[in-house]
Amino acid sequence: MRKITYGQAICEAIDEEMARDKNIIFLGEDIEVLGGNFRATPGLYEKYGGWRVRNTPISENSFTGLGLGAALTGLRPIVEIMFCDFMTLAGDQIVNQIAKIRYMSGGQARVPLTIRTTLGAGRSTAAQHSQSLQAIVCHIPGLKVVMPSSAAEAKGLLKTAIRDDNPVIFFEHKMEYNKIYEVPEEEYVIPFGVANILKEGKDITIVGTSNQALKALQAAEELTKEGIDAEIIDPRTLVPLDKNTIIKSVKRTGRLLIVDEGYERCGVAAEIAMSVLKDVFYYLNAPIERLTTANVPIPFSPALEFPIIPDEKKIYQRVKKMVIG
Amino acid sequence: MENKFKPIKNYSLSKEKILKMYQDMLKIRYFENKITDLYSKGLMPGLAHLYIGEEAIAVGVCNNLTERDFAVSTHRGHGHLIAQGCDLKRMMAEVLGKEDGYCKGKGGTMHIADFSKGILGANGIVGAGIPIATGSGYSAKVRGTDQVTVAFFGDAASNQGTFHESINMAAAWKLPVVYVCENNLYGISVDIRKVTNTKNIATRALAYDIPGIVVDGNDVLEVYRATKEAVKRARKGEGPTLIECKTYRWKGHHVGDPGRVYRLEKETKEWMARCPIKTYKERLLTENVTTDKELVIIEEDIKQIVEEAANFAIKSPYPKEEEAFEDLFTEQEGVK
């Protein structure tokens, strides 16, 4: 299969959809000649022009709201928020407007809006450019939340997001953009609400969000040397969440570890655990555990940053402890 | 504060249009008074922000719009919807939280929307509709239509970031949006004059290099004229306009708030003497546009329409409990 970067996969998804539907517009900071802060989407401005690919001023709340207004009146906007840390600036539009207008209007409004943003630590960009704030949007009814793992996943899920008539928050992991992956050349989309079993196993189920699913896969390879056979599940979308796939898996393995780069407290890992607990309780051989970012702001120095975020080594160690003791 | 009205004939309007504006203002007044009545009888859940005293703005503005145009309303939004021709029965049913309401009882007074009339929602967050209206303007530009969008907001919203951020973008890209600031002097209890240095909010248009116009918000014809100009500019692709309408909220912040603690009775009385409906009626009669008899017929007619709306709303059933779980997401995916 041909190999391209995660960034190229994202760009292809947008390009293919924009070519297919002239009502798709793309708004955000630095997306014109720069092709985005992570240079993921070069060439779109040149191809589609300034009305369909628009640099916005640094006014997150209002350009996100502008996306909503455009979505309500016939367009299908993609709004890029450079870092999910900046999503907080658009808090009102995301939480009170975009998520609620369809419901508040008794189903009159249709909001075909995709918000692309980035999450993740690992670049020494400190506390305001490294967070993983997916739990915040998962908490709000009315938003779909997508966390793709690999490039192929990102492409297929982004195309689905753009075609969805509901608001979707799409989290890209900033450490992935330049990584090379196999991505099918032919057209495909990946439906929401269908988890992906990356590896089957019988001793433990590891649910990893975003690229933690890939890290879990790496850890699983090492774990086989210890005789531990882990099953890896990428939930793909947190809203809607494919609980059944996780439940079925845990019923077979008897153990569940959830890995998510968000903060631990009130996080996605806690939510997934609680969502499946009732169904898997009598099948468990060990308590459900979670591996997340610690409850502190992300520190600058690599000496401090890496120890507080989950990675393949920490997954390996935790799983070993959970299975062997 | 003296009324210095220009002769009605100066506006070159048909008699039909002149009387329609009278009718629209009265409709709002009677609708809002009926809400007070229903509230005092305990028939209305929650509360409502009344538009009494500000009728000339919605009516003067919306009489320039077609059903293809768009408007974004506010928490004090009943007037905007009525002026845009929305159905009083479905509005009142929504205010009472009933099944037949525009939003099936899910939105209530602060969120009545009628997308078929271009009303893209009414907002409970001060200033939050301004970016939405701006996006609607951007959309018209991309889709290549001549549709205009009006953003209604109050004086207090002009101190939100969204006001500045949105007008900045609309000005930079010459978007077909008319920003209508209804300056009723108070944000709940806070006097705008005590938290803002500029005498006129319209002055802020200078910062974005767009026209900023101050009009008497209690003179429906002046509001109409200023909006007409702004709509014309917008349709021609010349960009946005900021119109500040000076007005006054007769009632408190919402039904049940007497609105007396934070403002002087003298001020309220002065503004009430400048009632947009009463003064307009006087002009219609003094300038022989119409007869008292004709106006009485209009008024009786409206009384009846509002009464019917209230009866309809009272009789309408409450939504079923399970409906709380409907309308969150649209069922059909958007794959074309």
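Scroll up to find the structure this text is about.
Residues numbered from 1 in each chain as written. Chains lettered and ligands numbered in written order. Predicted model: local features only at pLDDT ≥ 70, side-chain atom pairs only at ≥ 80, totals over all residues.

Trainee: Just checking my understanding: could you explain the overall build of chain B for this structure?
Mentor: Each helix and strand in chain B was counted, giving 11 helices and eight strands. Summarising its shape, the C-alpha atoms of chain B cover approximately 55 × 50 × 40 Å along the three principal directions. The buried share among the 336 residues of chain B stands at 53%. In chain B, the share of contacts with a sequence separation of at least 24, taken over all contacts with a separation of at least 6, comes to 75%. (Helix = DSSP H or I, 4+ residues; strand = E, 2+ residues; numbered from the N terminus. Buried ≥ 20, exposed ≤ 12 C-beta atoms within 10 Å, placed from the backbone. Contact = placed C-beta atoms within 7 Å.)

Trainee: Which parts of the structure should I look at to understand the interface of chain B and chain A?
Mentor: By convention, interface size is frequently given as the accessible area that disappears when the constituent parts associate. Chain B puts 39 residues into the contact, and the matching count from chain A is 39 residues. Tallied by class, the residues present in the side of chain B that touches chain A amount to 17 nonpolar, 14 polar and eight charged. (Nonpolar A, V, L, I, M, F, W, Y, C, P; charged D, E, K, R; others polar.)

Trainee: Would you explain the sheet that holds strand β5 (residues 114-119) of chain A in this entry?
Mentor: Strands belonging to one sheet form pairs held by backbone hydrogen bonds; the direction of such a pair is parallel or antiparallel. Residues and elements named next belong to chain A. Taken together, seven strands build an open sheet; the order of strands is β3-β2-β4-β5-β7-β6-β12 and the sheet is mixed. Both edges of this open sheet fall to β3 (53-55) and β12 (237-239), since each of them pairs with a single strand only. The average angle at which neighbouring strand axes cross in this sheet is 20 degrees, direction not considered. Here strand β4 (residues 76-81) runs beside β5; their pairing, made up of four bridges, is parallel. If you follow I78 over to β5, its bridge partner there is T114. With respect to the sheet, helix α3 (residues 60-72) is in contact with β2 (24-28), β4 and β5, its orientation differing from that of β4 by roughly 165 degrees. (Pairing = 2+ DSSP bridges. Axes fitted to C-alpha atoms, helices over the stretch in contact; angles between N-to-C directions.)

Trainee: Teacher, can you tell me more about the environment of Y186 of chain B here?
Mentor: Among the secondary structure elements, Y186 of chain B is positioned in strand β5 (residues 186-187). Apart from the residues lying within four places of it in its own chain, the contact partners of Y186 of chain B are D191, I192, R249 and R263 of chain B.

Trainee: What should I look at first to understand the nonpolar core in this one?
Mentor: It is characteristic of soluble globular proteins that their nonpolar side chains tend to be buried jointly. Counting residues in each nonpolar core, the largest one holds 194 residues, and the members touching the most others are V319 of chain A together with V180 of chain B. Sort the elements by how many residues they give to this core and helix α1 (residues 15-40) of chain B lands first, with nine residues. Setting aside residues up to four positions removed in sequence, V319 of chain A forms contacts with I204, I206, A219, L223, I228, A230 and L257 of chain A. (Core = buried A, V, L, I, M, F, W, Y, C linked by C-beta atoms within 7 Å.)

Trainee: Got a minute to help me understand unusual backbone geometry in this structure?
Mentor: Backbone phi values are negative for most residues with the exception of glycine, while trans is the configuration of most peptide bonds. Residues and elements named next belong to chain A. Of note, the amide linkage connecting V239 to P240 takes the cis form, showing an omega dihedral of 0 degrees. Relative to the helices and strands, P240 is located in the loop between β12 and α9 (243-253). Unusually for a residue other than glycine, S210 sits at a positive phi of about 50 degrees. Looking at where S210 falls in the secondary structure, it is placed in the loop between β10 (204-208) and α8 (212-225). Taking the number of C-beta atoms within 10 Å as the measure of exposure, S210 has 31 and is therefore buried.

Trainee: Looking at this structure, I do not really get helix α2 (residues 55-62) of chain B. What am I missing?
Mentor: In terms of burial, α2 of chain B is a largely internal element, eight of the eight residues being buried. Of the residues making up α2 of chain B, those classed as buried are E55, A56, I57, A58, V59, G60, V61 and C62 of chain B.

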